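Residue-level listing of the chains:
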Amino acid sequence: MKHFMFLCLAASLLAACHESIEDRAAREAREYTQRYCPTPVENNTRTDSVVFDKATRTYTYYCTFSGVMDNADVIGRFRQDLHERLVSSIRQSTELRAYKDAAFIFAYVCHSAKNPQKVIFSDRFLPEEYGSKK
């Protein structure tokens, strides 16, 4: 009987410590931001933060465009190409696999380096677009 009670207690403690995929996403986004952001500028882009919104199940990358990318006209001309490159990146990412399997929405919000209040690119990727299994 004591062994049965111990097993029940151990099972309930393990179940209580299990982190949901939403909690994991929020924690990992927060940890990534604290550890790496802002990232160094690469290809005229810097990642400022990563945030997960549990209510909408959206994993958002906040970035800043600089140099030639810090131009709304340039972004407008290459918007479709940028969209395709980002969705391809999501599809190929092994780091995002659990989140893709959970059918999260991925979003990118990119601000201007010259005018940080100005959003010059914003895009969302739904599970059906990046090929979620759900």
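Residues numbered from 1 in each chain as written. Predicted model: local features only at pLDDT ≥ 70, side-chain atom pairs only at ≥ 80, totals over all residues. Heavy atoms only, no water.

Section: the state of the cysteines
At step 1: All chains considered together, the criterion is met by 0 disulfides.
At step 2: Free cysteine Cys-37: the closest other cysteine sulfur is in Cys-63, separated by 8.4 Å.
At step 3: According to the relative accessible area criterion, Cys-37 is buried, its value standing at 16%.
At step 4: You can see Cys-63 has no disulfide; the closest cysteine sulfur is in Cys-110, sitting 4.5 Å from it.
At step 5: Its relative accessible area of 5% is what places Cys-63 among the buried residues. (Disulfide = S-S within 2.5 Å. Buried < 20%, exposed > 50% of the residue type's maximum accessible area, 1.4 Å probe, protein only.)

As for the packing of aromatic side chains
At step 1: Evaluation of the coordinates by the stated rule reveals 11 aromatic pairs.
At step 2: Arranged with centres 5.1 Å apart and planes meeting at 35 degrees, the rings of Tyr-59 and Tyr-99 form a pair that is tilted. In this pair, Tyr-59 sits in strand β2 (residues 58-65) while Tyr-99 sits in helix α5 (residues 97-101), placing the two residues 40 residues apart along the sequence. Pair check on accessibility: Tyr-59 and Tyr-99 agree, each one buried.
At step 3: Between Tyr-108 and Phe-125 the ring centres are 6.0 Å apart and the planes differ by 85 degrees, which places this aromatic pair in the edge-to-face class. Here Tyr-108 is found in strand β3 (residues 105-112), whereas its partner Phe-125 is found in strand β4 (residues 119-125), with 17 residues between them in sequence.
At step 4: Relative accessible area serves as the criterion here: at 0%, Phe-125 is assigned to the buried category. (Phe/Tyr/Trp six-rings, centres within 6.5 Å; stacked < 30°, edge-to-face > 60°. Helix = DSSP H or I, 4+ residues; strand = E, 2+ residues; numbered from the N terminus.)

So, unusual backbone geometry
At step 1: Cis rather than trans, the peptide bond between Cys-37 and Pro-38 has omega equal to -5 degrees.
At step 2: At Asn-43, a residue that is not glycine, the phi angle is positive and equals roughly 55 degrees.
At step 3: Examined against the element boundaries, Asn-43 turns out to sit in the loop between α2 (21-36) and β1 (45-53).
At step 4: One non-glycine residue, Asn-44, adopts positive backbone phi at about 65 degrees.
At step 5: Inspection of the secondary structure assignment puts Asn-44 in the loop between α2 and β1.
At step 6: Judged by relative accessible area, Asn-44 falls into the partly exposed class, the value being 29%.

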